[in-house]
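# Remarks on the overall topology
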Amino acid sequence: MAFEPRIVAFFCNWCTYTGADLAGVSRLKSPANIRIIRTMCSGRVDPSFIMKAFELGADGVLIGGCHPGDCHYAEGNYKALRRVHLLKKMMRSFGIDEKRLRLEWISASEGDVYQHVATEFTQTIRSLGPLNWKQHVDQKSSSEQAVVV
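For clarity, every value in this text was computed on a predicted model and none was experimentally measured.

## Digging into the packing of aromatic side chains
For any two aromatic rings, the description comes down to two numbers: the centre-to-centre distance and the angle of the planes. Within the structure shown, the criterion is met by 4 aromatic pairs. With 6.2 Å between their ring centres and 10 degrees between their planes, F54 and W133 make a pair best called stacked. With F54 in helix α2 (residues 47-55) and W133 in helix α5 (residues 133-148), the pair connects residues that are 79 residues apart, well separated along the chain. Under the relative-accessibility criterion, F54 is labelled buried at 2%. Aromatic ring contacts, followed pair by pair, group F54, F94 and W133 into a single cluster. When the ring centre of Y17 is taken as reference, the NZ or CZ atom of R38 above it lies at 4.4 Å.

This is how it looks when you write it as structure tokens:
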């Protein structure tokens, strides 16, 4: 049986979520692998939410927000950008490919952009294969214990 990735998406209510909705009502085909969680702002996506998604079985996490300068909460998307950079650094330290986490700016009128990003990200995660979160975390903790001993 072919691997089908599980992707969790945290989308800004004002832009990306509405863009995904536009793609749907416009009947643009996009992968069914993505489970969307609507947030008020991409800046409200706590890093622990992303790590918890991976821990609970997500193979990839997609965050969508307003274009820079268009955030309804002034600077929320810049906050999300800073967090994603730090999370990718942390993921690398666990041996997890940083391509499993993606941040995109998609406005409410960009249903076609959502379709493209969703399709491309799903293909990327499919090519990476399943994420065995427990293996990465156990491997990291055992290597840290070896250093302590």
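## Focus on the side chain of S42
Topologically, S42 is positioned in the loop between β2 (34-39) and α2. Judged by its relative accessible area of 1%, S42 falls in the buried class. If we ignore the near neighbours within four places in the chain, the residues touching S42 are C12, I63, G64, G65, G76, N77, A80 and W105.

## Quick word on α2
Along α2, the residues that are buried comprise I50, M51, A53 and F54. The arc that holds the buried residues of α2, viewed along the axis, is 155 degrees, so those residues lie on one side. Directly beyond the C-terminal end of α2, a positive phi value near 115 degrees is found at G57.

## Notes on empty space enclosed by the protein
Counted by the stated rule, this structure contains 1 cavity of 30 Å³ or more. Empty space within the largest cavity amounts to approximately 30 Å³. In this structure, the largest cavity is lined by S42, V45, I50, I63, A80, R83 and V84. By residue number, the principal contributor to the lining of the largest cavity is helix α3 (residues 76-93), which donates 3 residues. Here the lining of the largest cavity is composed, by residue class, of 5 nonpolar, 1 polar and 1 charged.

## Here's the deal with the sheet that holds strand β3 (residues 60-65)
Pairing between sheet strands relies on hydrogen bonds along the backbone, with the strands arranged either parallel or antiparallel. Across the sheet, which stays open at both edges, the 4 strands sit in the order β2-β1-β3-β4 with parallel pairing between neighbours. Looking along the sheet, the strands with just one partner apiece sit at the ends: β2 and β4 (101-105). Between one strand axis and the next, the sheet turns by 20 degrees as a mean value, whatever way the strands run. Strand contacts of helix α1 (residues 16-25): β1 (7-12), β2, β3 and β4, with the helix running at about 115 degrees to β1, the strand carrying the most contacts. Across the sheet, α2 is in contact with β1, β3 and β4; its angle to β3 comes to roughly 150 degrees.

Thresholds applied
Residues numbered from 1 in each chain as written. Predicted model: local features only at pLDDT ≥ 70, side-chain atom pairs only at ≥ 80, totals over all residues. Heavy atoms only, no water. Phe/Tyr/Trp six-rings, centres within 6.5 Å; stacked < 30°, edge-to-face > 60°. Helix = DSSP H or I, 4+ residues; strand = E, 2+ residues; numbered from the N terminus. Buried < 20%, exposed > 50% of the residue type's maximum accessible area, 1.4 Å probe, protein only. Lys NZ or Arg CZ within 6 Å of the ring centre and 35° of its normal. Contact = heavy atoms within 4.5 Å. Arc of directions from axis to C-beta. 1 Å grid on protein atoms, 1.4 Å probe; cavity = no way out; pocket = protein on both sides within 12 Å on 5 of 7 lines; lining within 4 Å. Points joined across faces, edges and corners; volume = space filled by probe spheres on them. Nonpolar A, V, L, I, M, F, W, Y, C, P; charged D, E, K, R; others polar. Pairing = 2+ DSSP bridges. Axes fitted to C-alpha atoms, helices over the stretch in contact; angles between N-to-C directions.

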